[in-house]
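# Secondary and tertiary structure notes
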Amino acid sequence: MSSEARWRDDIASLVFPVAGHGAICAVHRGAFRTLLGTEPTPEACLGYFRRFEAAFRTAADAKIARRDILPGTSLHLTSRDIARKLLEEPQIANGE
């Protein structure tokens, strides 16, 4: 699935399709700056997405449900949206 993710220079964001929603989810460079703790490159953002892809996708699904976002409507995730799901991941909970 991560091959569907790509970097868009025009909006300085990583974008990926949301399965079953018919829309694109964007994560701005600023969110990655917070998550990575450094000024991110597009390659670093894509690598981080690949490493924690399940958390990104779960965060998108949760935001869609929480905000009742209509199918086909694009959305964006903040660092807080993603961090919330990362904390639920078993490897994070186990201190890895």
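First, a word on what this report is: a plain description of the structure on this page. (Residues numbered from 1 in each chain as written. Predicted model: local features only at pLDDT ≥ 70, side-chain atom pairs only at ≥ 80, totals over all residues. Heavy atoms only, no water.)

## Describing the nonpolar core
Counting residues in hydrophobic clusters, the biggest one holds 26 residues, and the most contacted among them are Leu14, Phe16, Val27, Phe56 and Leu77. Where this core is concerned, the elements lending two or more residues are β2 (13-18), β3 (23-28), α1 (29-36), α2 (42-51), α3 (53-67), β4 (75-77) and α4 (79-86). If one sorts the elements of this core by residue count, α3 sits on top with five residues. With residues up to four places along the chain from it excluded, the contact list for Phe56 reads Phe16, Val27, Phe32, Tyr48, Phe49, Leu77 and Ile82. (Core = buried A, V, L, I, M, F, W, Y, C linked by side-chain atoms within 4.5 Å. Buried < 20%, exposed > 50% of the residue type's maximum accessible area, 1.4 Å probe, protein only. Helix = DSSP H or I, 4+ residues; strand = E, 2+ residues; numbered from the N terminus. Contact = heavy atoms within 4.5 Å.)

## Section: the packing of α2 against α3
Between α2 and α3, the least distance of the axes is 4 Å, while the angle of their chain directions is 85°. In terms of axis orientation, α2 runs roughly perpendicular to α3. Note on element contacts: α3 touches α2 through Glu53, Phe56 and Arg57, opposite Tyr48, Phe49, Arg50 and Arg51. Among the residues making up the contact of α2 with α3, the classes are represented as three nonpolar, no polar and four charged. (Axes fitted to C-alpha atoms, helices over the stretch in contact; angles between N-to-C directions. Parallel < 35°, antiparallel > 145°, perpendicular 65-115°, else oblique. Nonpolar A, V, L, I, M, F, W, Y, C, P; charged D, E, K, R; others polar.)

## Observations regarding the packing of aromatic side chains
Going through the model one piece at a time under the given rule, you end up with six aromatic pairs. Relative to Tyr48, the ring of Phe32 lies with its centre 6.3 Å away and its plane at 90°, an arrangement referred to as edge-to-face. Placement of the pair is Phe32 in helix α1 and Tyr48 in helix α2, with a sequence separation of 16 residues. Following the ring pairs from residue to residue traces out a cluster consisting of Phe16, Phe32, Tyr48, Phe49, Phe52 and Phe56. (Phe/Tyr/Trp six-rings, centres within 6.5 Å; stacked < 30°, edge-to-face > 60°.)

## Description of the pattern of salt bridges
Inspection of every chain in the model, using the stated rule, returns eight salt bridges. The salt bridge partner of Glu88 is Lys85, with a shortest N-O separation of 3.4 Å. The class of Lys85 is buried, set by a relative accessible area of 15%. Taken together, the salt bridges that share partners define one network made up of Lys63, Arg66, Asp81 and Arg84. (Salt bridge = Lys/Arg side-chain N within 4 Å of Asp/Glu carboxyl O.)

## Description of the pairing of β2
In regular strands, side chains alternate between the two faces of the sheet. The buried count for β2 comes to five of six residues, which makes it a mostly enclosed element. Of the strand pairs in this sheet, strand β1 (residues 6-8) and β2 are connected by three bridges, and their pairing is antiparallel. Bridged to Arg8 within β2 is Ser13. Taking the residues that link successive antiparallel strands as the turn, the β1-β2 hairpin has four residues, and the phi of Ala12 there is positive, at about 50°. Two strands pair when backbone bridges link them, and β2 and β3 are joined in this way by six bridges, in the antiparallel orientation. Across the sheet, residue Ser13 finds its bridge partner in β3, namely His28. The hairpin formed by β2 and β3 contains four residues between the paired strands, and Gly20 there has a positive phi angle of roughly 80°. (Pairing = 2+ DSSP bridges.)

That's the geometry; what it means functionally is another story.
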